[in-house]
Amino acid sequence: MYQGSCLCGNVQIQITGKISDIIHCHCSLCRKSSGTAYATNGFVNTEDFHIEQGSEHLGQFEIKPGKIRHFCKTCASPIFSSNATDPSRIRLRLGILDSDISERPISHNFVTSKANWDDLHVTLPHYEEHEPSRNKQKAL
Ligand SMILES: [Zn+2]
Ligand SMILES: [Zn+2]
């Protein structure tokens, strides 16, 4: 069982099944809705996906007919998306998870749409926290 929550904590979710087909999506829609280089998304069966708290805080944006992105109206965290043509499952935004998961991403997708400053992390150094040079600047 996995737990998740939005940034402000108003929306709490629980997943009682597996997460499948986890991918890093670099498409322009995922970049814009996440504000980052890519979104990490996976399928969860609708019957395994539970809004434990805060369903009244969820807002909806219909990006295409029947394709709805659900987000927290207070903090704007993306929570999941749903598709009217496939109501048996939802597409989870994995960044909201508070639990460690056993499943792993299988691929980077839509890499031809990636931001031109995104090098797919093949060459950059990795840090446990902020990059060391940030300590010399004012915190933003
Ligand atoms: Zn929130
Ligand atoms: Zn995408």
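Criteria and cut-off values
Residues numbered from 1 in each chain as written. Chains lettered and ligands numbered in written order. Predicted model: local features only at pLDDT ≥ 70, side-chain atom pairs only at ≥ 80, totals over all residues. Heavy atoms only, no water. Helix = DSSP H or I, 4+ residues; strand = E, 2+ residues; numbered from the N terminus. Buried < 20%, exposed > 50% of the residue type's maximum accessible area, 1.4 Å probe, protein only. Contact = heavy atoms within 4.5 Å. Areas by Shrake-Rupley, 256 points an atom, 1.4 Å probe, with all protein chains shown as cover. Lys, Arg positive; Asp, Glu negative; His and termini not counted. Charge placed at Lys NZ, Arg CZ, Asp CG, Glu CD. Donors = N, O, S within 2.8 Å, 3.2 Å for Na, K, Ca; no water. Pairing = 2+ DSSP bridges. Axes fitted to C-alpha atoms, helices over the stretch in contact; angles between N-to-C directions. Tetrahedral: all angles 85-135°; square planar, octahedral: opposite > 155°, others 65-115°. UniProt positions renumbered as here; feature names shortened; annotations may be inferred.

To continue, consider the overall build of the chain. Counting secondary structure elements, the chain contains one helix and ten strands. Its helices and strands in sequence order give the chain the pattern β-β-β-α-β-β-β-β-β-β-β, from N to C terminus. Counting only C-alpha atoms and orienting by the principal axes, one finds that the chain spans roughly 45 × 30 × 30 Å. Counting every position in the chain, which comprises 140 residues, the buried fraction comes to 34%. Residue pairs at least 24 apart in sequence account for 59% of intrachain contacts in the chain once pairs closer than 6 positions are excluded. Per element, the accessible surface of the chain, about 9,200 Å² overall, is 52% carbon and sulfur. When the 15 positive and 15 negative side-chain charges of the chain are each reduced to one mean point, those points stand 9 Å apart.

As a further point, take the coordination of the zinc ion (ligand 2). C25 (SG), C27 (SG) and C30 (SG) make up the full set of protein donors to the zinc ion (ligand 2), lying at 2.1 to 2.3 Å. Counting gaps between the donor residues of the zinc ion (ligand 2) yields the pattern C-x1-C-x2-C. The pair C25 / C27 is uniform in exposure class, with both members buried.

Attention now goes to the sheet that holds strand β2 (residues 12-15). Within a sheet, neighbouring strands are paired by backbone hydrogen bonds and run either parallel or antiparallel to one another. Within the open sheet, the three strands sit side by side as β1-β2-β5. Their pairing is antiparallel. Every other strand in the sheet has two partners, leaving β1 (2-5) and β5 (49-53) as the edge strands with one partner each. The sheet shows a mean angle of 25° between the axes of neighbouring strands, direction not considered. Pairing analysis gives four bridges linking β2 to β5, with the strands arranged antiparallel. Along β5, the bridge assignment pairs Q12 with Q53.

Another aspect to go through is the coordination of the zinc ion (ligand 1). Bound to the zinc ion (ligand 1) are the protein donor atoms C6 (SG), C8 (SG), C72 (SG) and C75 (SG), situated 2.3 Å from the metal. One can describe the site at the zinc ion (ligand 1) as tetrahedral: its four donor atoms subtend angles covering 104 to 114° at the metal. All donors of the zinc ion (ligand 1) belong to a single chain; written as a sequence motif, their spacing is C-x1-C-x63-C-x2-C. Of this pair, C6 sits in the loop between β1 and β2 while C75 sits in the loop between β7 (67-72) and β8 (78-83), and the two are 69 residues apart along the sequence.

Let us now look at the UniProt feature "domain: CENP-V/GFA" (unreviewed entry) in the chain. As recorded in UniProt, the feature "domain: CENP-V/GFA" (unreviewed entry) lies at residues 2-118. Between the C-alpha atoms that bound residues 2-118 the distance is 30 Å, and the span itself is 6% helix and 46% strand.

Before going further, it helps to spend a moment on the environment of T36. Inspection of the secondary structure assignment puts T36 in the loop between α1 (28-34) and β4 (39-45). When its relative accessible area of 40% is taken as the criterion, T36 is described as partly exposed. Between the C-alpha atoms of T36 and L120, which are 84 residues apart in sequence, the distance is 12 Å.

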